[in-house]
Amino acid sequence: MTLILGIETSCDETAAAVVENGRLIRSSVISSQIDLHARFGGVVPEVASRAHVELINSVIAEALAEADVQFGDLDAVAACQGPGLIGALLVGVSAAKALALTLDVPYVGVNHLEGHLHAAWLQDPDVALPLAVLLVSGGHTMLVAVVEDGRYKVLGQTVDDAAGEAFDKVARICGLGYPGGPAIDRLAKDGDARSIAFPRPMISEGLDFSFSGLKTAVLNHVRRNPEVDVRDVAASFQEAVVDVLVHKLLVAADNSAAATLVMGGGVAANSRLRERLTAAGEASGRRVLVPSMDLCTDNGVMIAATAWWRLRSDGPTSLAGGANPSLGLVSTR
Amino acid sequence: MSILGFDTATQRVTVGLGLGGQVLGTRSLAVDRQHAEQLVPTIRDLCQESSIELSSLEVIAVGLGPGLFTGLRVGITTARTMAQALGIPVVGVSSLDLVAHPLVGIGRPVVVVANARRNEIYCARYIPTKDGMRREGDYEVLPPDVLAAELAQNDDQCLVVGDGVLTHADAFAKCDCVESDDDQAMYPSAASLVAIADVRMRRQEFCDPCDVHALYLRRSDAEIEWDRKGR
Ligand SMILES: [Zn+2]
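These lines cover the structure that appears in this document, whether it is placed above or below. (Residues numbered from 1 in each chain as written. Chains lettered and ligands numbered in written order. Predicted model: local features only at pLDDT ≥ 70, side-chain atom pairs only at ≥ 80, totals over all residues. Heavy atoms only, no water.)

Each partner contributes residues to the interface: chain B has 29 residues there, and chain A has 30 residues. Between chain B and chain A, a total of about 2700 Å² is buried, with carbon and sulfur atoms accounting for 66% of that surface. A per-residue breakdown of the area chain B buries against chain A is headed by Arg73, Gln84 and Trp226 of chain B, which together make up 21% of the total. Joining chain B to chain A, the criterion identifies seven residue pairs in polar contact (both at pLDDT 80 or more). Mapped onto the side of chain B that touches chain A, the elements with two or more residues apiece are α1 (35–49), α2 (69–86) and α7 (221–228) of chain B. Considering only residue class, the side of chain B that touches chain A consists of 15 nonpolar, seven polar and seven charged. (Contact = heavy atoms within 4.5 Å. Buried area = accessible area lost by both parts, 1.4 Å probe. Polar contact = N/O pair within 3.5 Å; in protein donor to acceptor, adjacent residues only side chain to side chain. Helix = DSSP H or I, 4+ residues; strand = E, 2+ residues; numbered from the N terminus. Nonpolar A, V, L, I, M, F, W, Y, C, P; charged D, E, K, R; others polar.)

Pasting the structure below:
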């Protein structure tokens with residue numbers, strides 16, 4: 001039995017989890033800083049970094065207690081090493097390396113994007129490859145083919161805003177609070193998604209995404225129609241984003257001969273996107289793997305699960321390792 | 001008392017080991033912004049060379065700043081987490097105190113100035129006593145010219161020291177400064193950290209890992225801006 005502690009501090013969640021053999025979740029603790037950043041309308045890196053230092057040790061202690069393990073039971077300690085906010089990442093990396101040194105166990109630096117991918121994979125670790133994966137959050141929007149374990153092909157990504165960023169900006173336009181994703185999701189349930197014909201940017205132009213034009217279209221529509229029902233705006237905007245995401249994931253699956261559709265990242269918690277992806281899977285005879293809601297947002301489970309695979313394929317990360325705020329998802333083999 | 005101490009508040013990482021009131025060894029290396037990369041390997045190497053098992057440590061001592069925010073967080077997170085895993089306490093000491101401490105023998109007041117970026121310095125004033133350096137007043141963040149003008153008006157013969165002297169050589173040109181080629185003297189001393197921690201431990205002046213906090217002195221820009229707008 002291999003027990004790995006995974007630490008995640010790349011943005012505004014301080015999280016830790018214990019995962020057994022890369023698949024059994026023994027514990028998962030997430031301390032969200034949303035309240036700290038709400039008044040600024042977005043994550044403030046310096047505020048996030050300071051909060052991570054204050055929270056990290058109690059989050060680790062809670063993750064161990066919930067898993068009913070002691071420090072001495074751990075076989076490895078992992079942390080997210082990027083992409084993310086550099087000051088925030090370094091808190092998790094420092095904590096993980098300090099533990100690895102003190103406990104004399106391997107340290108594993110994990111790619112955040114690979115983590116999100118593994119969160120979905122965790123639903124069925126034995127699923128047949130290849131997989132077509134949509135990684136979608138406030139920081140990234142990306143299509144990836146998993147050809148074999150640890151070998152990825154990035155098929156497309158956003159040329160401007162991430163999808164989650166567009167949700168936050170549209171929420172601001174509609175006078176909703178931060179974070180925007182859950183607020184739009186809630187409001188859209190009572191709106192008419194066909195009431196406003198927002199553009200579907202680049203929908204038939206390859207596998208890259210663009211959401212900044214859509215955001216501008218929403219802004220212009222609201223300015224020209226001050227009386228518009230924000231529920232209709234939310235629903236129509238959300239439908240446009242979901243149309244693009246689902247359509248391109250299906251094209252990506254076709255191109256890479258993937259029988260399984262996978263989704264990860266914060267926006268994967270969007271209820272309309274989950275519903276539409278499930279329907280698309282059924283219609284096209286493909287399996288759909290979507291993480292449970294608590295594994296969509298940033299978490300320690302995805303870091304610990306990825307670390308287990310990485311440890312087997314690449315071995316430990318050097319204790320001289322740091323963090324890389326713009327780390328990309330690249331094949332390591 | 002077996003002590004591991006480190007400071008990461010400046011562009012240097014300094015690490016020291018102490019045992020039974022003696023300093024076993026120290027390391028000091030220029031890291032620029034690579035605190036996170038260098039700290040843990042340096043701790044590992046120093047412990048190995050000194051044949052100290054981490055499991056035998058009784059306290060972790062750490063420099064609290066004020067200083068570089070990211071560096072501070074690396075040091076404090078490492079100290080808190082090592083102490084948490086070992087089940088031992090932490091002693092936190094201001095990084096400015098660690099620059100002043102080795103100068104207790106010079107018999108005159110000392111002003112420590114540390115680079116705070118944005119054309120400001122962190123500073124604190126000290127008077128040597130038979131019990132060591134005594135800090136007078138609070139830690140402050142100031143423009144270097146303001147402090148230099150203040151020092152020019154006093155005639156208490158104080159000595160200026162710290163990496164703020166290196167970054168603001170012009171401002172402190174008329175002050176009596178520690179020779180700028182004495183690199184070690186400009187930065188927090190790991191030997192001092194270990195020595196101070198030894199005294200504090202004997203006085204039971206330590207805390208739980210989670211009660212160790214950085215001396216930031218400055219809030220984040222976003223918070224300052226928020227208050228400025230009066231919202
Ligand atoms: Zn994420």
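The next subject is the layout of surface pockets. In this structure, the largest pocket occupies an estimated 1300 Å³ of space. Along the wall of the largest pocket there are 49 residues; nearest its centre are Cys11, Ser137, Gly138, Gly139 and Asp168 of chain A. For the lining of the largest pocket, the element with the most residues is helix α5 (residues 163–173) of chain A, which contributes six residues. The residue inventory of the lining of the largest pocket, partitioned by class, reads 19 nonpolar, 22 polar and eight charged. Both domains that furnish three or more residues to the lining of the largest pocket are identified here as domain 1 (3–117 + 295–314) and domain 2 (127–290) of chain A. In this structure, the second largest pocket encloses a volume near 520 Å³. As for the second largest pocket, its lining consists of 24 residues, of which Arg33, Leu68, Phe69, Thr70 and Arg117 of chain B are closest to the centre. Going through the elements one at a time, α3 (86–103) of chain A together with α1, α2 and α7 of chain B are the ones with two or more residues in the lining of the second largest pocket. (1 Å grid on protein atoms, 1.4 Å probe; cavity = no way out; pocket = protein on both sides within 12 Å on 5 of 7 lines; lining within 4 Å. Points joined across faces, edges and corners; volume = space filled by probe spheres on them. Domains from an automatic or database assignment.)

This part is about the coordination of the zinc ion. In this structure, His112 of chain A (NE2), His116 of chain A (NE2) and Asp298 of chain A (OD) serve as the protein donors to the zinc ion, at separations of 2.1 to 2.3 Å. Residue class for His112 of chain A comes out buried when judged on its relative accessible area of 3%. (Donors = N, O, S within 2.8 Å, 3.2 Å for Na, K, Ca; no water. Buried < 20%, exposed > 50% of the residue type's maximum accessible area, 1.4 Å probe, protein only.)

Attention now moves to the pattern of salt bridges. All names here are of chain B. The final tally for this structure, using the stated rule, is 32 salt bridges over all chains. For Arg134, the salt bridge is made with Glu136, and the minimal N-O distance between the two is 3.1 Å. On the accessibility criterion, Glu136 (33% relative accessible area) is partly exposed. Among the salt bridges present, the one from Arg202 reaches Asp198, with a minimum N-O distance of 2.6 Å. Taken together, the positions of Arg202 and Asp198, both in helix α6 (residues 190–202) and four residues apart, correspond to about one turn of that helix. With relative accessibility at 61%, the residue Arg202 sits in the exposed group. Here Asp198 falls in the buried class, since its relative accessible area comes to 7%. (Salt bridge = Lys/Arg side-chain N within 4 Å of Asp/Glu carboxyl O.)

Further remarks concern the sheet that holds strand β6 (residues 131–136) of chain A. All names here are of chain A. As summarised here, the arrangement of the five strands in space is β8-β7-β6-β9-β10, forming an open sheet in which the pairing is mixed. Of all the strands in the sheet, just β8 (151–157) and β10 (287–289) have a single pairing partner and so form its edges. Taken pair by pair, the neighbouring strands of this sheet meet at an average axis angle of 25 degrees, ignoring direction. Relative to β8, strand β7 (residues 141–148) runs antiparallel, the two being bridged by six bridges. Across the sheet, the residue bridging to Met142 is Gln157, located in β8. Packed on one face of the sheet, helix α9 (residues 271–284) meets β6, β9 (260–264) and β10 and runs near 170 degrees to β9. (Pairing = 2+ DSSP bridges. Axes fitted to C-alpha atoms, helices over the stretch in contact; angles between N-to-C directions.)

Let us look at the sheet that holds strand β2 (residues 13–20) of chain A. Residues and elements named next belong to chain A. What the five strands build is an open sheet, ordered β3-β2-β1-β4-β5; its pairing is mixed. Of all the strands in the sheet, just β3 (24–32) and β5 (107–111) have a single pairing partner and so form its edges. On average, each strand axis in the sheet is inclined to that of its neighbour by 20 degrees, with strand direction left out of account. The pairing of β2 with β3 spans eight bridges and is classified as antiparallel.

A word on the nonpolar core. Counting 116 residues, the largest nonpolar core has Leu5 and Ile60 of chain A together with Leu4, Phe6 and Ile43 of chain B as the members making the most contacts within it. The element best represented in this core is α3 of chain A, accounting for 11 residues. Excluding its chain neighbours within four sequence positions, the residues that come into contact with Ile43 of chain B are Leu101 of chain A together with Leu4, Phe6, Val15, Leu54, Thr78 and Met82 of chain B. Counting residues in each nonpolar core, the second largest holds 43 residues, with Ala163, Val170, Val241 and Val242 of chain A among its members. (Core = buried A, V, L, I, M, F, W, Y, C linked by side-chain atoms within 4.5 Å.)

Right, let's talk about the packing of aromatic side chains for a bit. Under the defined criterion, the tally for this structure stands at five aromatic pairs over all chains. Aromatic pair Phe209 of chain A and Phe211 of chain A: ring centres 6.0 Å apart, planes at 15 degrees, arrangement stacked. The exposure classification of Phe209 of chain A matches that of Phe211 of chain A, with both residues buried. Centroid distance Trp308 of chain A to Trp309 of chain A: 5.4 Å. Interplanar angle 85 degrees. Geometry classified as edge-to-face. There is no split in this pair, since Trp308 of chain A and Trp309 of chain A are both buried. Above the plane of the ring of Tyr216 of chain B lies Arg50 of chain A, whose end atom (NZ or CZ) is 3.7 Å from the centre. Taking NZ or CZ as reference, Arg135 of chain B lies 4.0 Å from the ring centre of Tyr139 of chain B, over its face. (Phe/Tyr/Trp six-rings, centres within 6.5 Å; stacked < 30°, edge-to-face > 60°. Lys NZ or Arg CZ within 6 Å of the ring centre and 35° of its normal.)

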